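# A closer look at the structure
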Amino acid sequence: MLPSFFIERFKSNKEKTAIIWRDQEYTYNWLLNSFEKAKTFLIENKINTSDIVALHADFTPSAIAFFLALIDNGNIIVPVSFSVKDPEDYYSIAEVGSIIEIRDDKQILKKLPQDVSHKILIELKQRKHPGLILFSSGTTGESKASVNDFRSLLNKYKIKHKPLVTISFLLFDHIGGINTLFYILSNAGTLIALEDRSPENVCKLIEKYNVELLPTSPTFINLILMSRSCEKHDISCLKLVTYGTEMMSETTLKLFAKFFPKIEMKQTYGLSELGILRSKSKSSDSLWLKIGGEDYNTKIVDNILFIKSKTAMLGYLNAPSPYDKEGWFNTQDRVEVNGKSFRFLGRDSDIINVGGEKVYPAEVENIIQEVENVAEVSVFGEKNIIIGEIVCAKVRLIDNEESKVFKKRLKKYCNKRLERYKVPVKIEITDKKLYSIRFKKTRWNLKVFI
């Protein structure tokens with residue numbers, strides 16, 4: 001069930017390093033042997049084709065081998081990273097029958113008395129195709145479980161590209177992390193498997209292993225700059241940094257491009273529901289990009305991006321179908337259009353309505369990020385009984401500064417650069433991180449009237 005071109009490319013590159021984990025190198029020959037051992041494990045433990053199996057792990061050599069074996073066995077796979085605090089809820093929603101947990105590269109199997117009843121899962125089991133169930137991060141509510149036919153997702157990797165040495169930054173259960181894994185393996189590249197995703201450690205590994213590709217988030221790019229880890233370690237070996245998952249600050253992008261003019265910066269776009277679209281940034285310091293590909297159609301309705309995809313998910317397990325009658329998916333992403341290029345303005349749900357005027361948090365964050373001594377900022381709306389909502393900002397500083405002095409300085413700067421209704425009414429200085437374990441900006445949506 002694993003497309004044959006994967007195995008062919010592994011066999012053609014047996015002596016090449018496939019994975020580096022804990023400073024140890026694992027070749028494609030090792031991966032082939034471990035893949036066969038994992039298949040034997042599945043047979044011996046009576047994990048049958050179309051069974052729903054949770055793989056509770058991170059990017060370790062054994063976890064990768066088991067991932068490949070489960071695909072080849074035709075299983076419906078639920079990858080769950082160790083960042084998930086309560087995976088039992090995921091197991092219940094996905095109707096998981098077996099859990100394979102891999103820690104320190106050792107596997108533990110647990111069977112669950114679970115019957116499959118959801119019509120989407122029954123349909124996928126009848127196809128006898130490998131499946132993939134991904135849970136959204138749940139930052140704006142309950143995590144949604146999207147069900148994908150893995151066969152259609154894997155076909156895109158048949159086209160060969162240049163093999164690259166790559167950091168596995170995005171998590172094991174993220175569509176971007178999975179895309180990175182199969183992109184690298186299908187091209188016989190080398191994957192640096194991370195345990196510590198701090199800026200210091202990532203930059204150290206980039207220098208040590210001459211990493212060429214870093215797929216990451218805008219938040220992490222900002223952390224690299226603010227922590228000055230990129231000054232302590234030579235990361236000039238990087239050829240490409242791809243970023244997605246959230247809005248990028250233009251201030252951060254231009255600053256990184258200025259410091260590293262030879263590193264190509266590429267904005268990516270993908271969703272668990274649709275897969276990863278092809279993208280091309282206008283330039284390394286521009287937020288304008290083109291997206292699409294032969295498997296995707298796009299259209300704009302009232303400044304909202306809609307996408308129709310041949311690799312679209314089959315549906316949600318715990319939410320209504322998001323497709324309209326013609327198969328279009330509402331991304332809820334507001335965009336500006338210039339010819340065939342897009343610039344993302346923000347999620348529709350994040351827009352702050354101030355007396356009928358729309359405020360995009362990313363625009364305000366970009367201005368605040370320009371202010372001296374700002375490490376991080378998160379802008380959000382708070383309900384107001386008079387004007388609907390007011391603009392609020394949480395800010396983490398680089399160095400200690402008297403609160404009143406900083407707030408006065410910040411408001412003065414914002415008043416010069418922004419319309420009055422966009423200037424934050426409430427400013428909170430915090431010493432807490434303003435991002436999640438997945439390195440995405442934390443946002444608030446306060447419903448209390450003041």
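For the structure itself, look to the data block above.
Analysis parameters
Residues numbered from 1 in each chain as written. Predicted model: local features only at pLDDT ≥ 70, side-chain atom pairs only at ≥ 80, totals over all residues. Heavy atoms only, no water. Pairing = 2+ DSSP bridges. Helix = DSSP H or I, 4+ residues; strand = E, 2+ residues; numbered from the N terminus. Patch = residues over 30% accessible without salt bridge, like charges linked within 9 Å, V, L, I, M, F, W, Y side chains within 5 Å. Areas by Shrake-Rupley, 256 points an atom, 1.4 Å probe, with all protein chains shown as cover. Salt bridge = Lys/Arg side-chain N within 4 Å of Asp/Glu carboxyl O. Lys, Arg positive; Asp, Glu negative; His and termini not counted. Charge placed at Lys NZ, Arg CZ, Asp CG, Glu CD. 1 Å grid on protein atoms, 1.4 Å probe; cavity = no way out; pocket = protein on both sides within 12 Å on 5 of 7 lines; lining within 4 Å. Points joined across faces, edges and corners; volume = space filled by probe spheres on them. Nonpolar A, V, L, I, M, F, W, Y, C, P; charged D, E, K, R; others polar. Buried < 20%, exposed > 50% of the residue type's maximum accessible area, 1.4 Å probe, protein only. Contact = heavy atoms within 4.5 Å.

With that settled, consider the sheet that holds strand S8 (residues 145–149). Taken in spatial order, the 7 strands of this open sheet run S6-S5-S3-S4-S7-S8-S19, and their pairing is mixed. The open sheet has two edge strands, strand S6 (106–111) and strand S19 (315–316), and neither has a second partner. Looking at chain direction, strand S7 (residues 131–135) and S8 are connected through 5 bridges and run antiparallel. Paired with leucine 132 across the strands is asparagine 148, a residue of S8.

Right, let's talk about a negative patch on the surface for a bit. Taken together, the side chains of Asp86, Glu88, Asp89 and Glu142 define an acidic patch exposed on the protein surface. Considering the arrangement of structural elements, one finds glutamate 88 in helix H4 (residues 87–93).

Now for the layout of surface pockets. Its volume calculated, the second largest pocket comes out at about 400 Å³. Ser83, Val84, Lys85, Tyr90 and Ser137 are, among the 16 residues lining the second largest pocket, the residues nearest its centre. When the residues that make up the lining of the second largest pocket are grouped by side-chain class, the tally is 4 nonpolar, 6 polar and 6 charged.

Turning our eyes to something else, we now look at the pairing of strand S18 (residues 304–309). A regular strand carries its side chains on alternate faces of the sheet. Of all 6 residues that make up S18, 5 are buried, and the element is covered over most of its length. Pairing between strand S17 (residues 296–301) and S18: 6 bridges, direction antiparallel. Residue valine 301 lies in a different strand from S18, and its bridge partner there is isoleucine 304. Following S17, the chain reverses through 2 residues before pairing antiparallel with S18; aspartate 302 in that reversal takes a positive phi of roughly 50°. Note: S18 against strand S20 (residues 329–338), 3 bridges, orientation antiparallel. Counted as the bridge partner of phenylalanine 306 is asparagine 330 from S20.

Time to look at the side chain of serine 81. Looking at the secondary structure, you find serine 81 in the loop between strand S4 (76–80) and H4. Each residue touching serine 81, except ones within four places of it in the same chain, is listed here: His56, Ala57, Leu171, Phe172, Asp173 and Arg438.

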